[in-house]
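Residues per chain are reported as follows:
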Amino acid sequence: DPQQIELATASKRNLRRFIVIDEVVDKLYGSKVREYFEENNVQHKILALPTTEETKSMDLVLNILHEVQSFSLDRRTEPIIAIGGGVCLDIVGLAASLYRRRTPYIRVPTTLLSYVDASVGAKNGVNFLQCKNKLGGYTPPVASFLDRSFLQSIPRRHISNGLGEILKMALMKHKGLFDLLKNHGKYLLDTKFQSCNSFAHHGDAALQTTRIAIETMLEELAPNLWEDDLDRLVDFGHLISPELEMRVLPSLMHGEAVNIDMAFMTYVAHARGLLGAEEKEQILQCMRGLELPVWHSGCSWALIQRALRERLKHSGGQLRMPLPTGLGVADIFNDTNEETLERAYELWVKD
């Protein structure tokens, strides 16, 4: 908006920004971030923090808020900037929502998982009493800035981890996205989602994959931003994974735990007659091609039962179980009995 640019440049007040950056990202990109603010004469404070599932707590939120208070932030014109993975974006989002009841914030995702998942939607939160994201709220950012060049420096396993959430959207909503992952998965892992003109036969698979994943996620989230409707296809892979992920920390990353949940639910869909044997194998083959785990010894039958009991408690007394009914199509079911679940579990373990 030219009018806003004119106002910003005409103002005699110095621009000020408070930035929270993951400490690993800070080592890689911190000097560039500082250089950017210095060159643009922006007074800034950069807070580098360890943002992991183990540190994702109210203590870290309060730590950020102490620093925000010292910086004397203007809550209307000076958004807090979060630069990091999903944990960083979640923690900063919660801190911003609490400071002066709601301070604007900007998300800058630096991992594939946060690029296609945490950057989209309104949720933020922290872990509490060994439960994933038990404390939190719904405060959307004023903007998300997406830059795939950050992905060049993350390990291959982190790329695979993000592919788990992309596959979730493919299985629930988009056969074309599933085909992209099936046909270009190894290429996306090898190139870390950078657009490479030298691989013409792949087209721009990185851009197509991320764009479709985000668009389908937005289609699902936008009409139900505050989760008034508990029937959510985006919950696929998130019925058992929260319990599993917290139980085996730090051995599984979020997208890996989600994929293990999706693998089991694929067997549930097969046991219910929603998926044929060939479709089930295609899904599992795609998961393996994306270098995602399809089973974990920590995912016991007792853990599954416990996780589904928790699900019933927090979803209005119904399971609301999203299941694939084909490749790229899905529905939500409340009538999956224990016998079917156990049969699916036994076949999953056997395979």
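Residues numbered from 1 in each chain as written. Predicted model: local features only at pLDDT ≥ 70, side-chain atom pairs only at ≥ 80, totals over all residues. Heavy atoms only, no water.

Worth spelling out the cut-off: UniProt positions are given in the numbering used here, feature names are shortened, and annotations may be inferred rather than shown by experiment.
The name given to the protein in an unreviewed UniProt entry is ARO1 protein, with the source organism recorded as Peucedramus taeniatus. Reading the Cofactor (unreviewed entry) entry of the UniProt record for the protein gives the comment "NAD(+)".

### What to know about the overall build of the protein
How we decide: Helix and strand assignments come from DSSP, with helices taken as H or I runs of at least 4 residues and strands as E runs of at least 2, each series counted from the N terminus. The globule rule used for comparison is 2.2 Å times the number of residues to the exponent 0.38, while the radius of gyration itself is calculated over C-alpha atoms. Only protein chains enter the accessibility calculation, which uses a 1.4 Å probe. A residue is then buried if its area is under 20% of the maximum for its type, exposed if over 50%, and partly exposed in between. Residue exposure ignores everything except the shown protein chains as possible cover, and the areas themselves are Shrake-Rupley values with a 1.4 Å probe. Charged-residue counts in this description rest on Lys and Arg as positive and Asp and Glu as negative, His and the chain ends being excluded. For charged residues, the charge sits on one atom: NZ in Lys, CZ in Arg, CG in Asp, CD in Glu.
Across its full length, the protein holds 13 helices and nine strands. Computed over its C-alpha atoms, the radius of gyration of the protein comes to 21 Å, within 12% of the 20 Å expected for a compact globule of 351 residues. A principal-axis box enclosing the C-alpha atoms of the protein has dimensions of 70 × 50 × 35 Å. Here the protein holds 351 residues, and 52% of them are scored as buried. Of the roughly 16400 Å² that the protein leaves accessible, carbon and sulfur atoms contribute 51%. In the protein, which carries 40 positive and 45 negative side-chain charges, the distance between the mean positions of the two groups comes to 4 Å.

### Describing the UniProt feature "domain: 3-dehydroquinate synthase N-terminal" (unreviewed entry) in the protein
Under the local residue numbering, the UniProt record ascribes the feature "domain: 3-dehydroquinate synthase N-terminal" (unreviewed entry) to residues 48–160. For the annotated span residues 48–160, helix accounts for 35% and strand for 25% of the residues, and the straight-line distance between the end C-alpha atoms is 26 Å.

### Let's talk about the environment of Y267
Let me state the cut-off plainly: The contact criterion used throughout is that any non-hydrogen atoms of two residues lie within 4.5 Å.
Mapped onto the elements, Y267 comes out in helix α10 (residues 254–271). Considering only alpha carbons, one finds Y267 and G86, 181 residues apart in sequence, at a separation of 29 Å. Non-local contacts of Y267, meaning those with residues more than four positions away in its chain, are made with K280, L284, A344, L347, W348 and D351.

### With respect to the packing of α10 against helix α13 (residues 338–350)
Our working rule: Structural elements are reduced to axes, namely lines fitted to C-alpha atoms, with helices fitted over the stretch in contact, and the angle between N-to-C directions of any two is expressed from 0 to 180 degrees. Left-handed describes a crossing whose near helix is turned anticlockwise from the far helix through less than a right angle; right-handed describes the clockwise counterpart. For this classification, the nonpolar set comprises Ala, Val, Leu, Ile, Met, Phe, Trp, Tyr, Cys and Pro, the charged set comprises Asp, Glu, Lys and Arg, and every other residue, Gly included, is treated as polar.
Axis separation between α10 and α13 bottoms out at 8 Å; the angle between their running directions is 120°. Two packed elements cross with a definite hand, and for α10 against α13 that hand is right-handed. In contact with I260, A263, F264, Y267, V268, H270 and A271 of α10, α13 contributes T340, L341, R343, A344, Y345, L347 and W348. Broken down by class, the residue content of the contact of α10 with α13 amounts to eleven nonpolar, two polar and one charged.

### Remarks on the packing of helix α6 (residues 156–173) against helix α7 (residues 175–191)
Note the cut-off: The cut-offs work like this: below 35 degrees is roughly parallel, past 145 is roughly antiparallel, 65 to 115 is roughly perpendicular, and the gaps in between are oblique.
The N-to-C vectors of α6 and α7 enclose an angle of 170°; their axes lie 9 Å apart at closest approach. When the axes of α6 and α7 are compared, the pair comes out roughly antiparallel. In this structure, α6 uses R156, I159, S160, L163, I166, L167, M169, A170, L171 and K173 to contact α7, whose residues at the interface are K175, L177, F178, L181, L188, L189 and D190. Broken down by class, the residue content of the contact of α6 with α7 amounts to twelve nonpolar, one polar and four charged.

### What about the packing of aromatic side chains?
Selection rule: Two rings belonging to Phe, Tyr or Trp (six-membered ring only in the last case) form a pair when the distance between their centres is within 6.5 Å. Interplanar angles under 30 degrees mark stacking, angles over 60 mark edge-to-face geometry, and anything in between is tilted. Throughout this description, the term charge over a ring refers to an Arg CZ or Lys NZ atom that lies within 6 Å of the ring centre and within 35 degrees of the ring normal.
Using the criterion set out here, one finds eight aromatic pairs in the structure. Note on Y36 and F37: the rings are 5.3 Å apart at their centroids and 75° apart in plane angle, and the pair reads as edge-to-face. Measuring from centroid to centroid gives 6.0 Å for Y345 and W348, while their planes differ by 65°, and the two rings are edge-to-face. One end of the pair is Y345 and the other is W348, both in helix α13 and three residues apart, which spans about a single turn. This pair shows no difference in class: Y345 is buried, exactly as W348 is. Taken together, F264, W301, Y345 and W348 form an aromatic cluster joined through their ring pairs. The ring of F71 carries R16 above its face, with NZ or CZ at 4.1 Å from the centroid.

### A look at α6
Put simply, the rule is: By this rule, a helix spans an expected 1.5 Å times one less than how many residues it contains.
Taking 1.5 Å per residue, 18 residues should reach 26 Å; α6 reaches 26 Å between its end C-alpha atoms and fits that length. Counting buried positions along α6 gives 14 out of 18 residues, so the element sits mostly inside the fold.

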